[in-house]
Amino acid sequence: MNLPKDFITKYRQLLGAEADDFLASFETTSLSGYRINPSRHHLPTELTATPQVPYEPWGHFGTVGGRTLTHQSGAVYSQEPSAMFVGATAAPQPGEKVLDLCAAPGGKTTHLASYLQGTGLLVTNEINRKRVKVLAENVERFGVRSAVILNDSPDRLSPVFTDYFDKVLVDAPCSGEGMFRKDPEAMSYWSLDYVQECATRQREIMTEALKMVKPGGQLIYSTCTFAPEEDEQMMAWVLKNFPDFRLVPIKKVGGVVDARPEWADGNPELAKAARLFPHLMSGEGHFVAKLERAAGDGQSVHRQAKLGNPLTADQRKLWQSFAQQVGVSEFPDLVTVKDQLFAVPAGLPDLKKCHVFRPGLHLGTFKKNRFEPAYALALASDPQTVQQVLSITTDQWKAWVHGETFTLEAAPQKGWYLLTCADQPVGFGKVVGNTVKNFFPKGLRFTVYDTDNVMV
Ligand SMILES: C[S@@+](CC[C@H](N)C(=O)[O-])C[C@H]1O[C@@H](n2cnc3c(N)ncnc32)[C@H](O)[C@@H]1O
């Protein structure tokens, strides 16, 4: 690999005798991994029997293809093994209020959602308009039930969510040195100046992010770079400028090591943060730190959310009749945005000043005198509790994701069914006679070839 000259010189100086092993690791193959979705049942051993990532019970080494049933149904999320250390360090408790400030494409968000188990509140934000769409697709595919998706800059969010969250994750945009092995393209925009630019942007992001942590709450900061300017030096800057925050120790296993105080101002507290080096563990380069705000009284009062519109009597009837007939769970807080129905998480502050991309779980669309359930609702539904479930074969699944209608041997009762394949939810289909009408979202359709493995 043709590493930039300045990069080699810098890390030879910083790492001394360790530099040879560090630089040699760039010549080895990067490792891929995936996380299992804990809300899915009966997953095949092809997925569950692969070697486990040491610090993440849902994490496995291996590859899952994008055109598989496993991927489409949200049974897994492909994620580089080191990146799993971030969510495992945040590990929010069910019921907590959590912000993922730099969230697209959604690796950490879906991981945080696994910990929350459909409870509490997950505010997941992405500044970039194109990337927020991908984030929404991944949140939907993973069946996340209690997320609000925002498309804002940190300085727009901090006045709305001052002193609000139990946990804030800043998975910062960074110089990406830790990804050179996996994605050599990242080297093309790297320079010593670029590292400085990233550090400046990270200080701006952190200044806003820290305001949103409630007293006693935590902020998890991570990068996928080795650059001390963006890692230990960033934490040294926080400790100096935000005295109500301190670093708390992170449990380090599987070759994860202490951060290096000598790469910043020498403050021994910095060793509490974690470094993931590819020459010391099985994964790419990362840095993770956990900051905790001192307990005390938060100053801020949060006005209740005014999101969307209440349902009309007709809309409520249509939704209830669908929910009862199909047997999907009820949601306490429902709102409409135009003709779209959403279940919103409880306890949100007023989001009038935010760009709300999704106010909650998309349940469906009101059409003229009928209700059409959303793909997001299907993937957030548990086939074990839904009453109207239709199990389809893998050949029928191939037709389904390709956008085709297909026929059944016997005609069940007319209506909406949660379709499952190998016990995984794959969408809602409408049965008319012995035909299953296709409602797989047009933008997500794909072709599965006979030679493709449906599972991995
Ligand atoms: C490292 S990526 C996040 C990866 C994501 N957490 C995941 O696990 O899939 C950083 C994200 O920060 C966003 N970003 C860039 N500039 C930003 C800024 N000034 N404030 C907040 N986010 C920013 C980028 O668009 C990018 O999606």
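- In the annotation of an unreviewed UniProt entry, the chain is listed under the name RNA methyltransferase and assigned to Levilactobacillus tujiorum.
- Taken directly from UniProt, the Sequence similarities (unreviewed entry) text for the chain runs: "Belongs to the class I-like SAM-binding methyltransferase superfamily. RsmB/NOP family."

1. A few points about the sheet that holds strand β3 (residues 76–78)
So, step 1. Strand order across the open sheet formed by three strands is β2-β1-β3, with antiparallel pairing between neighbours. With partners counted over all chains shown, the strands left at the sheet margins are β2 (59–61) and β3, one partner each. Here the strands of the sheet are splayed against their neighbours by 30° on average, with no regard to which way each runs.
So, step 2. With three bridges connecting them, strand β1 (residues 33–36) and β3 associate as antiparallel partners. Counterpart to Y34 in the pairing with β3 is S78.

2. Topic: the sheet that holds strand β18 (residues 389–392)
So, step 1. As summarised here, the arrangement of the five strands in space is β18-β20-β21-β22-β19, forming an open sheet in which the pairing is mixed. Two strands bound the open sheet, and with one partner strand each, they are β18 and β19 (406–407).
So, step 2. Both β18 and strand β20 (residues 415–421) contribute to a ladder of four bridges, which runs parallel. Bridging from a neighbouring strand, V389 pairs with L418 of β20.

3. Some details on the nonpolar core
So, step 1. In this structure, V168 and V170 are the most contacted members of the largest nonpolar core, which totals 121 residues.
So, step 2. Counting residues per element, this core draws most heavily on helix α9 (residues 192–211), which supplies seven residues.
So, step 3. When neighbours within four sequence positions are excluded, V170 is seen to be in contact with L101, C102, I205, M206, A209, L219 and Y221.

Calculation notes
- Residues numbered from 1 in each chain as written.
- Predicted model: local features only at pLDDT ≥ 70, side-chain atom pairs only at ≥ 80, totals over all residues.
- UniProt positions renumbered as here; feature names shortened; annotations may be inferred.
- Pairing = 2+ DSSP bridges.
- Helix = DSSP H or I, 4+ residues; strand = E, 2+ residues; numbered from the N terminus.
- Axes fitted to C-alpha atoms, helices over the stretch in contact; angles between N-to-C directions.
- Core = buried A, V, L, I, M, F, W, Y, C linked by C-beta atoms within 7 Å.
- Buried ≥ 20, exposed ≤ 12 C-beta atoms within 10 Å, placed from the backbone.
- Contact = placed C-beta atoms within 7 Å.

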